[in-house]
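Chain and residue survey
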Amino acid sequence: MSATPQGYASHSIHLTLNHQPRQLDVLPWTTLLDLLREQLDLVGSKKGCDHGQCGACTVLLNGKRVNACLTLAVMCDGADLVTIEGLASEEALHPLQAAFIKHDAFQCGYCTPGQICSAVGLIAEGRAGTPAEVQEMMSGNLCRCGAYGNIRAAIEEVLQNDSATQAEPQFVEVRA
Ligand code: FES
Ligand code: FES
C-alpha cells in the first residue's frame, strides 16, 4: 500500500494481464474498466453505460465473462485477466474474431469487443446448445446497430465447430 499525491492510499496488485505478469498500483475505487482504459491504454474494452447494462466492457476474469465497469481493480489481485487485445495470437485471430469478420457481425463496432469476449466466455461455459440459448445467454450484450442476427450466426458457427471437435479453439490464419 502506498500514498498517492492526494493522500489516498493505493493498493499494489499482481495479476496476469493478456498472458503477461503485471504489478499495478490502484486506488480502491478504480474500476477495472478505468484501469484498463485510462491507466493502461487498453481501450478495446468500451464504456457504453458504466453501470452494467450494455456489456460493451466485457472481459474474461479467470476465464469467466464479467463487466469491467462493475468490477473494482483491487478485486483482480492474483487474477488471470484477458481483454479483447489478448485474444489473438501474433499470427492469427481467435476463431470468434475471424467468424465476426466472416459473418459481417458488426456495423459501428462499438459493442464488438464486448460481444466477442462474452462469446468466448459463453462457449467456455458449455451451456448454450441451441440458437435460442445463444440468444438468451448473450442478452447482456447490447448492439445499438442491431447486428444481432449476424452476431448470433458467427457465435453459432464457432460453437458448432467447437462441439464437433471437442478440442481447444483452433486459431485461424489471417489472410491479407
Ligand atoms: Fe459496462 Fe455498459 S460499460 S456494462
Ligand atoms: Fe454498433 Fe453493435 S455494431 S453497437
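That block above? That's the structure.
Here the focus is helix α2 (residues 95–102). Count 3.6 residues to each turn of an α-helix, and residues three or four apart come out pointing the same way. Of all eight residues in α2, six are buried; the element is thus mostly enclosed. Considered for burial, the residues of α2 that qualify are P95, L96, Q97, A98, A99 and F100. Of the residues flanking the end of α2, it is D104, one or two places downstream, whose phi is positive at about 55°.

Here we take up the pattern of salt bridges. What the rule picks out here adds up to five salt bridges. One salt bridge in this structure joins K47 and D50, with 3.7 Å as the shortest N-O distance. D50 gets classed as partly exposed once you look at its relative accessible area, which sits at 35%. For R65, the salt bridge goes to E125, with nearest N and O atoms at 2.8 Å. In this pair, R65 is assigned in strand β5 (residues 64–67) and E125 in helix α3 (residues 112–125), connecting sequence segments 60 residues apart. You can call R65 partly exposed: its relative accessible area is 21%. A single salt-bridge network, built from bridges that share partners, covers D34, K47 and D50.

With that out of the way, let us pick up the packing of α2 against α3. Two measures define how a pair of helices packs: the angle their axes make with one another and the distance between the axes. It is at 10 Å that the axes of α2 and α3 come closest, and there the two elements cross at 125°. If you check the angle between α2 and α3, you find them oblique. Viewed along their axes, α2 and α3 form a crossing whose handedness is right-handed. Facing α2, whose interface residues are L96, Q97 and F100, α3 presents T112, Q115, I116, A119, V120 and I123. The residue makeup of the contact of α2 with α3, split by class, is six nonpolar, three polar and no charged.

Criteria and thresholds
- Residues numbered from 1 in each chain as written.
- Chains lettered and ligands numbered in written order.
- Predicted model: local features only at pLDDT ≥ 70, side-chain atom pairs only at ≥ 80, totals over all residues.
- Heavy atoms only, no water.
- Buried < 20%, exposed > 50% of the residue type's maximum accessible area, 1.4 Å probe, protein only.
- Helix = DSSP H or I, 4+ residues; strand = E, 2+ residues; numbered from the N terminus.
- Salt bridge = Lys/Arg side-chain N within 4 Å of Asp/Glu carboxyl O.
- Axes fitted to C-alpha atoms, helices over the stretch in contact; angles between N-to-C directions.
- Parallel < 35°, antiparallel > 145°, perpendicular 65-115°, else oblique.
- Left-handed = near helix turned anticlockwise from the far one by under 90°.
- Contact = heavy atoms within 4.5 Å.
- Nonpolar A, V, L, I, M, F, W, Y, C, P; charged D, E, K, R; others polar.

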